[in-house]
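Observations on the three-dimensional arrangement
Here are the chains, one letter per residue:
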Amino acid sequence: MPPGAPGAERKPQILDGQFFAMLALLAALCALAWWRGGGDLLRSGLGEGLAALLRYGLIFAVSLMAAGMAQALIPQARMEALLGAKAGLRGILIATAAGALTPSGPFVSMPLAAAMLRLGAAPGAVTAYLCAWSLLALHRFVAWELPLLGARFAALRYAVCIALPVAAGLLVRALQRLATPPPPG
């Protein structure tokens, strides 16, 4: 298919505006480090960044590959039926539950959210997913909040936050409808 034709796949750009913006930020921070502390501070900062890359880069790469596999294995029609625009409130509730059940940090949730969008999930559902992952993660609630904050506070916080992902998903859906022109006809 010719580029730009409906259904033609776009190749992802690696060297895009985001890359160059981050590269410019890195260059500015390196210059500031050199100016404030010379080579020692510059080496220290770059060393910390390299250590973080070695620590998190591999898990991020594996997460992206897992999201790609999920995208390949889940039929687009199934994703659209579960979380697409026509799924309505049910889709937002399913996405909220999925977000609360997604373990780990952004290395897992963000690639999954991106795969959901590419497979046809509605922006409102993906917003609900990300909000629920952020506010309602059950693994964090059990492992951290209950033992460190106490059952009463943890349960109160959870109860207050439980409606927020659904509200955010519905708000995104409403704003999207306002921004979408009506079909001609």
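Residues numbered from 1 in each chain as written. Predicted model: local features only at pLDDT ≥ 70, side-chain atom pairs only at ≥ 80, totals over all residues. Heavy atoms only, no water.

Scanning the protein chain from terminus to terminus reveals 8 helices and 0 strands. When the helices and strands of the protein chain are read in sequence order from the N terminus, they spell out α-α-α-α-α-α-α-α. Over its C-alpha trace the protein chain gives a radius of gyration of 21 Å, far above what one expects of a compact globule, namely 16 Å for 185 residues. With respect to the principal axes defined by its C-alpha atoms, the protein chain has extents near 65 × 60 × 35 Å. The proportion of buried residues among the 185 residues of the protein chain is 25%. Considering only residue pairs separated by 6 or more positions, the protein chain has 67% of its internal contacts joining residues 24 or more positions apart. Carbon and sulfur atoms provide 73% of the accessible area of the protein chain, an area that totals close to 12800 Å². Of the side-chain charges in the protein chain, 14 are positive and 6 negative, and the distance between the mean point of each set is 11 Å. (Helix = DSSP H or I, 4+ residues; strand = E, 2+ residues; numbered from the N terminus. Rg over C-alpha atoms; globule rule 2.2 N^0.38 Å. Buried < 20%, exposed > 50% of the residue type's maximum accessible area, 1.4 Å probe, protein only. Contact = heavy atoms within 4.5 Å. Areas by Shrake-Rupley, 256 points an atom, 1.4 Å probe, with all protein chains shown as cover. Lys, Arg positive; Asp, Glu negative; His and termini not counted. Charge placed at Lys NZ, Arg CZ, Asp CG, Glu CD.)

Turning our eyes to something else, we now look at a nonpolar patch on the surface. Side chains of I14, L15, F19, F20, L23, L26 and L46 sit close together on the surface and give an oily, nonpolar patch of about 690 Å² of accessible area. Residue placement: I14 occurs in the segment before α1 (17-73). You can call I14 exposed: its relative accessible area is 70%. (Patch = residues over 30% accessible without salt bridge, like charges linked within 9 Å, V, L, I, M, F, W, Y side chains within 5 Å. Salt bridge = Lys/Arg side-chain N within 4 Å of Asp/Glu carboxyl O.)

Within this structure, the stated rule accounts for 4 aromatic pairs. The interplanar angle of 15° and the centroid separation of 5.3 Å between the aromatic rings of Y56 and F107 together place this pair among those described as stacked. With a gap of 51 residues between them, Y56 in helix α1 and F107 in helix α4 (residues 106-118) connect regions that are remote in the sequence. Judged by its relative accessible area of 39%, Y56 falls in the partly exposed class. (Phe/Tyr/Trp six-rings, centres within 6.5 Å; stacked < 30°, edge-to-face > 60°.)

What sets the pattern is the α-helix's 3.6 residues per turn: residues three or four places apart point alike. For α4, with 13 residues, the first-to-last C-alpha span of 18 Å sits near the 18 Å given by 1.5 Å per residue. All buried positions along α4 are accounted for by S109, P111, A113, A115 and M116. G120 sits one or two residues past α4 and shows a positive phi near 105°. (Expected span 1.5 Å × (residues − 1).)

Over the atoms rolls a probe the size of a water molecule, and its path tells where empty space is left. Inspection of the entire model under this criterion finds 1 cavity of 30 Å³ or more. One number sums up the size of the largest cavity: a volume of about 50 Å³. Lining the largest cavity we find L83, G84, A85, A87, G88, G91, I92, A122, G124, A125 and R173. For the lining of the largest cavity, the secondary structure elements donating two or more residues are α3 (88-101) and α5 (123-136). Among the elements that line the lining of the largest cavity, the one with the most residues is α3, at 3 residues. Partitioned by chemical class, the residues of the lining of the largest cavity number 6 nonpolar, 4 polar and 1 charged. (1 Å grid on protein atoms, 1.4 Å probe; cavity = no way out; pocket = protein on both sides within 12 Å on 5 of 7 lines; lining within 4 Å. Points joined across faces, edges and corners; volume = space filled by probe spheres on them. Nonpolar A, V, L, I, M, F, W, Y, C, P; charged D, E, K, R; others polar.)

Moving on, we come to the layout of surface pockets. The space that makes up the largest pocket amounts to roughly 240 Å³. Looking at which element gives the most residues to the lining of the largest pocket, the answer is α1, with 6 residues.

On to α1. Counted at 1.5 Å a residue, the expected span for α1 with its 57 residues is 84 Å, but the 31 Å between its end C-alpha atoms falls short. Of all the bends in α1, the greatest measures close to 135° and is centred on G37. Check the buried side of α1 and you find it contacts α4. (Bend = angle between axes of the 7 residues up to and from the residue.)

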